[in-house]
Amino acid sequence: MVRAVRGMRDVLPEEARRWRYVETRLLQVLLSHAYEEVHLPLLEATELFSRGVGEATDIVEREMYNLADRDGEGLTLRPEGTAGCVRALLQHGLLFNQTQRVFYSGPMFRYERPQRGRYRQFYQIGAEAFGFRGPDVDVELILLGRDFWRALGVEEQVELEINTLGSGTARGIYRDALIAYLTPLKNELDEASQRRLVKNPMRILDSKDPATQVLLRDAPKLPDFVDPEGKAHYDDLKEWLTEIGVPYRENPGLVRGLDYYTDTVFEWTTRSLGAQGTVCAGGRYDGLVERLGGRPTPAAGFALGLDRVVLLHQEVHETPQRQGKNQPEPNFAASADVYVCVLKEALAGDAMRVAEQLRIGLPGLRIRSHAGGGKLKSQLKRADLSGAAWAILISEEEMQEGRISVKFLREERAQQSLSPEALIELLQKQPES
RNA sequence: GCGACGGUAGCUCAGUUGGUUAGAGCACCUGGUUGUGGUCCAGGGGGUCGGGGGUUCGAGUCCCCUCCGUCGCCCCA
């Protein structure tokens, strides 16, 4: 049997129902902040990422899915969304003398060791804001995050960490100072950190190796190198967060794996997901637009890991038992809301007509009409299994009188026989999805 | 890329120091009288024991390789 390739995941109906709910909620939040949606290609020129993300990053060095187009052009399955987003806005002149706030959603690809919450094809929702220099837009992005967690009811599980990297130049100076300090101690560093010393020294700050952490105690501190403007920016940000009432934790070790970040960086993390605890992360990247050929443009954004957020949502809101009398809102367990049955097989045509009538009268409700024949008993069994709250029964006598019966599957309530119009009215009052 | 652990029915798992036709629960299908689900009862279908090789009279069980998964490292969302 041909199996899915490693790191590629199938999302089956039960999870997909939750997935759609979560994604819909998140997109609603974005729209409520008047962010505009864009759709971007999965394939980009390889150069976009080597230039945008940074040649020395792990992503570009060994995690990208590279392929050659038929004419030999180097293509890459996007490993992240920001570079492509900037490219698209630049290409169409949307960053010229104007601001933009956009979002996108879709799969990203990285060749990593698969693990729970970490797949080679994984889904991100990204939001980016261009043309805003001040920390107000940083706050806005963080607020977006808080609204996400509230919308999903997982705010208790998530916390915010922030840090500042300072301007690009300040960062460069710090980087050199760090290298100067660590180089003589090179042999005492853990293996991974030794490699990073040349390529991406700031990431050493993230090391979990105890010996390395001891060495770092006396290392130059990033905050001491942050330029006055960067410091003011950061102070403003913190003040704002406090004022608005967004709790945060400062984490001076919070660095980014992608080269383009400057000044503010932030990360929403959870302890509920094991090692893959980062659920949403972002920050400023004032240098990227210029790096990709545009005019210098301040920018900030974040990416949210949908796979992980769905997982987190699942931890907090378990799928209820199918048979429960009071279906929770929303109803993840059900694959239909209304199930149409016939008392005689010859009535199948009438059933389809009635189902269509209901679909028109009850948009939003999932109406499934029985297929495959069988006795009423087995039809009702199907109805129950579908999770539907109502079974509709079509009988010959009632059809002649222009009535149909509704049976309440999830509450103690007598079956009713009524006209289609009355039925629609009845079900309208009880939105189930 | 590194380390540890795991893989038996659709799912969760049992399977004795290697020994007959590999089991359970759940799920699924059928029946328990004509047109009423969930509970109950009876019956039924379903497994190349992840794959390949080896040891052995004999392998789900032992050994090697490989694939996949989980946890951690790493990386990051």
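These notes cover the structure that comes with them. Because the structure is a prediction, the values reported are computed rather than measured.

A separate point is the sheet that holds strand β14 (residues 390-394). Pairing in this open sheet of five strands is mixed, and the strands run β13-β12-β14-β15-β16 from one edge to the other. Two strands in the sheet have a free side with no partner beyond their single neighbour: β13 (367-369) and β16 (416-418). Put simply, the sheet's adjacent strands are angled 25° from each other on average, direction ignored. Where β14 lies against strand β15 (residues 404-408), four bridges are found, and the strand directions are antiparallel. The partner of L393 across the bridge, within β15, is S405. Against the sheet, helix α13 (residues 348-361) contacts β12 (338-342), β13, β14 and β15, and its axis sits at roughly 175° relative to β13.

It is worth spelling out the pattern of salt bridges at this point. Under the criterion given, the structure shown has 21 salt bridges. Close ionic contact of K238 with E250 constitutes a salt bridge, the shortest N to O distance being 3.3 Å. Of the two residues, K238 is situated in helix α10 (residues 228-244) and E250 in strand β8 (residues 249-250); the sequence distance between them amounts to 12 residues. When the shortest N-O distance is used, the salt bridge between R403 and E398 registers 3.9 Å. The class for E398 is buried, based on a relative accessible area of 11%.

Time to look at the nonpolar core. Counting residues in each nonpolar core, the largest one holds 44 residues, and the members touching the most others are L26, L30, I142, W149, W268 and L304. For this core, the element with the most residues is helix α5 (residues 136-152), which contributes nine residues. When near neighbours in sequence (up to four residues on either side) are disregarded, L30 contacts Y35, F103, I125, A127, L144 and F148. Core analysis: the next-biggest nonpolar cluster, separate from the first, contains 43 residues, L165, Y174, L197 and V255 among them.

Moving on: helix α16 (residues 420-428). When α16 is considered as a whole, its buried residues turn out to be P420, L423, I424, L426 and L427. Looking straight down α16, one finds its buried side chains confined to an arc of 160°; they lie on one side. Tucked into the core, α16 has its buried residues touching β12, α13, β14, β15 and β16.

A few words now on the protein's contact with RNA strand B. In the region of RNA strand B, 46 residues are neighbours, and R6, R110, R196, R203 and E397 sit closest. Atoms of RNA strand B within 4 Å of the protein: sugar and phosphate make up 53%, bases the balance. Contact distances for RNA strand B include 2.7 Å between a phosphate oxygen and a side-chain N or O atom of R382. The contact in question runs from a base nitrogen of RNA strand B to an N or O atom on the side chain of D384, over 3.0 Å. Going through the elements one at a time, α3 (58-63), β6 (121-130), β10 (278-284), β11 (299-305), α14 (376-386) and β15 are the ones with two or more residues in the surface near RNA strand B. Residue contributions to the surface near RNA strand B peak at seven residues, all from α14. Classifying every residue of the surface near RNA strand B by side-chain character gives 15 nonpolar, 10 polar and 21 charged.

Attention now goes to the packing of α13 against α16. One way to put it is that α13 packs onto α16 with a least axis distance of 10 Å and a crossing angle of 45°. With respect to each other, α13 and α16 are oriented oblique. Relative to α16, the crossing made by α13 is right-handed. Within the contact between the two elements, α13 uses Q357, L358 and G361 and α16 uses P420, E421, L423, I424 and Q428. Tallied by class, the residues present in the contact of α13 with α16 amount to four nonpolar, three polar and one charged.

Now for the pairing of β11. Burial of β11 is extensive: six of the seven residues sit out of reach of the surface. Bridge count between β6 and β11: seven bridges; the pairing is antiparallel. Opposite G126, over in β11, you have A303 as the bridge partner. Sheet topology places β10 next to β11; five bridges connect them, and they run antiparallel. Paired with C280 across the strands is L304, a residue of β11.

For the rest of this paragraph, the subject is the packing of aromatic side chains. For the structure on display, the rule yields 11 aromatic pairs. Residues Y65 and Y111 carry aromatic rings whose centres are separated by 6.0 Å and whose planes lie at 70° to one another, so their mutual orientation is edge-to-face. With Y65 in strand β3 (residues 65-68) and Y111 in the loop between β5 (100-109) and β6, the pair connects residues that are 46 residues apart, well separated along the chain. Taken together, a centroid distance of 6.2 Å and an interplanar angle of 80° make the contact between F130 and Y285 edge-to-face. Of this pair, F130 sits in strand β6 while Y285 sits in the loop between β10 and α11 (288-291), and the two are 155 residues apart along the sequence. Residue classification places Y285 among the buried positions, given a relative accessible area of 1%. Cluster of aromatic residues (ring-pair linked, three or more members): F148, W149, F266, W268 and F302. Above the face of the Y119 ring, R9 is positioned so that its terminal group lies 4.3 Å from the ring centre.

Thresholds applied
Sequence order as written defines residue numbering, which begins from 1 separately in each chain. Here every chain gets a letter starting at A, and every ligand a number starting at 1, in the order they are written. Restriction of local features to residues with pLDDT of at least 70 applies here, the model being predicted, together with a cutoff of 80 or more for giving and counting side-chain atom pairs; totals for whole chains, interfaces and linings are based on all residues. Excluding hydrogens and water, the side-chain values take into account all heavy atoms of the structure. One requirement defines pairing of two strands: DSSP has to find at least two bridges between them. Comment: elements are numbered from the N terminus, with helices defined as DSSP H or I runs of at least four residues and strands as E runs of at least two. All axes here are fitted lines through C-alpha atoms, helices being fitted over the stretch that makes contact, and every angle between N-to-C directions spans 0 to 180 degrees. Only heavy atoms enter the contact rule, under which two residues are in contact if any of them lie within 4.5 Å. Here, a salt bridge means any Lys or Arg side-chain nitrogen found within 4 Å of an Asp or Glu carboxyl oxygen. With a 1.4 Å probe rolled over the protein chains alone, any residue whose accessible area is under 20% of its type maximum counts as buried; one over 50% counts as exposed, and the rest are partly exposed. We call a set of buried residues a nonpolar core when its members are Ala, Val, Leu, Ile, Met, Phe, Trp, Tyr or Cys and they connect through side-chain atoms within 4.5 Å of each other. By construction, the arc corresponds to the directions joining the helix axis to the C-beta atoms. Only heavy atoms are used to decide nearness, and a residue is near a molecule or strand if one of them lies within 4 Å of it. The definition of a polar contact used here is a pair of N or O atoms within 3.5 Å, where within protein one atom must be able to donate a hydrogen and the other to accept one, and adjacent residues in sequence count solely through side-chain atom pairs. Gly falls in the polar group here, along with every residue not listed as nonpolar (Ala, Val, Leu, Ile, Met, Phe, Trp, Tyr, Cys, Pro) or charged (Asp, Glu, Lys, Arg). Each angle is binned into one of four classes, with values under 35 degrees roughly parallel, values over 145 roughly antiparallel, values of 65 to 115 roughly perpendicular, and all other values oblique. The handedness criterion is simple: a crossing whose near helix is rotated anticlockwise from the far helix by less than a right angle is left-handed, and one whose near helix is rotated clockwise is right-handed. Only Phe, Tyr and Trp rings are paired, with Trp represented by its six-membered ring, and only when their centres lie within 6.5 Å; those with planes under 30 degrees apart are stacked, over 60 edge-to-face, the remainder tilted. In this scheme, the term charge over a ring applies when either NZ of a lysine or CZ of an arginine sits within 6 Å of the ring centre and within 35 degrees of the ring normal.

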